[in-house]
Amino acid sequence: MSTVTVSAFIEAQAADLWRLLTDLPARADWLSAVGAVEVLGAGGFGPGSTWRETRVRPDGGVEPEEFEVIEAVAPSRLVLGSRGTGADYRITWTLRTVERRRRGCTEVTVEHEAAPTRPYGRVLALILGGLAARAVEGALRRDLADLALAAGPARSSEAA
């Protein structure tokens, strides 16, 4: 299993960030790498909720990804799962209120875990592991920057 973790401080309340993260139809409005979102189930947001995002790759191509909410503890923890080709993914968003420069803000940490499910997934992980980890890290940092921008003025700073 490979794991990539990134964090940022965002000058916004955790509840406001939670609303952005869990408003599925609006995800395409603030996530620059998402072209479209299709909600696949009816009902409110919570464990079992599913949707499909069309993500734009750095090379300009598009790739659909389906996500399912595994755990949702408002406004502090969101765990998503996604089945990929040759690997299963788990993305954990953790929001923690902190005081920074005498102001309240939220430390947002995103952890992306990939577990190969097929033999060729394990081989690819060995061969392309470092390259894939850098690509995932870049995508997570972009998503955090987009979240900060959507939450208000671009006043976030990376922590790790």
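Structural data are supplied above this passage.
Residues numbered from 1 in each chain as written. Predicted model: local features only at pLDDT ≥ 70, side-chain atom pairs only at ≥ 80, totals over all residues. Heavy atoms only, no water.

J.: Honestly, the pattern of salt bridges in this entry has me stumped. Any pointers?
T.: Charged atoms that come close allow side chains of opposite charge to pair. In total, this model carries 12 salt bridges according to the counting rule given. Across the pair Glu-113 and Arg-90 runs a salt bridge whose closest N-O atoms are separated by 3.9 Å. With Glu-113 in strand β7 (residues 103–116) and Arg-90 in strand β6 (residues 87–100), this pair connects stretches of sequence that are 23 residues apart. Looking at Glu-113, the relative accessible area reads 17%, which means it is buried. For Arg-96, the salt bridge identified is with Glu-107, shortest N-O distance 2.4 Å. Here Arg-96, found in strand β6, pairs with Glu-107, found in strand β7; they are 11 residues apart in sequence, far enough to count as distant. Three or more residues are tied together by salt bridges with common partners; here these are Arg-27, Glu-53, Arg-55, Glu-65 and Asp-143. (Salt bridge = Lys/Arg side-chain N within 4 Å of Asp/Glu carboxyl O. Helix = DSSP H or I, 4+ residues; strand = E, 2+ residues; numbered from the N terminus. Buried < 20%, exposed > 50% of the residue type's maximum accessible area, 1.4 Å probe, protein only.)

J.: How do you make sense of the nonpolar core when you look at a structure like this?
T.: Most often, soluble globular proteins keep nonpolar side chains buried together rather than apart. Of all hydrophobic cores here, the largest spans 28 residues; its most connected members are Leu-80, Trp-93, Val-108, Val-110 and Leu-147. Breaking this core down by element, the ones donating at least two residues are β1 (2–10), α1 (14–22), β4 (62–73), β5 (77–83), β6, β7 and α3 (119–151). A total of five residues in this core trace back to one element, the largest contributor, which is α1. With residues near it in sequence (within four places) discarded, Trp-93 still touches Leu-21, Ser-76, Arg-77, Leu-78, Leu-80, Val-108, Thr-109, Val-110, Asp-143, Leu-144 and Leu-147. (Core = buried A, V, L, I, M, F, W, Y, C linked by side-chain atoms within 4.5 Å. Contact = heavy atoms within 4.5 Å.)

J.: How do you make sense of the environment of Ala-151 when you look at a structure like this?
T.: Within the secondary structure layout, Ala-151 lies in helix α3. The sequence separation of Ala-151 and Ile-10 amounts to 141 residues, and the corresponding C-alpha distance is 8.1 Å. Here Ala-151 is in contact with Ile-10, Ala-12, Leu-17 and Leu-20, once residues within four sequence places are set aside.

J.: In this structure, what is going on with the packing of aromatic side chains? I would like to understand it.
T.: Aromatic ring pairs are reported here in terms of the distance separating the ring centres and the angle at which the planes meet. Within this structure, the stated rule accounts for two aromatic pairs. Judged by centre distance (6.5 Å) and plane angle (40°), the ring pair of Phe-45 and Trp-51 falls under tilted. Taking the relative accessible area as the measure of exposure, Trp-51 reaches 1% and is therefore buried. Centroid distance Trp-51 to Phe-67: 5.6 Å. Interplanar angle 25°. Geometry classified as stacked. Linking Trp-51 in strand β3 (residues 50–56) with Phe-67 in strand β4, this pair joins segments that are 16 residues apart in sequence. The pair Trp-51 / Phe-67 is uniform in exposure class, with both members buried. Put simply, the rings of Phe-45, Trp-51 and Phe-67 pair up and form one aromatic cluster. (Phe/Tyr/Trp six-rings, centres within 6.5 Å; stacked < 30°, edge-to-face > 60°.)

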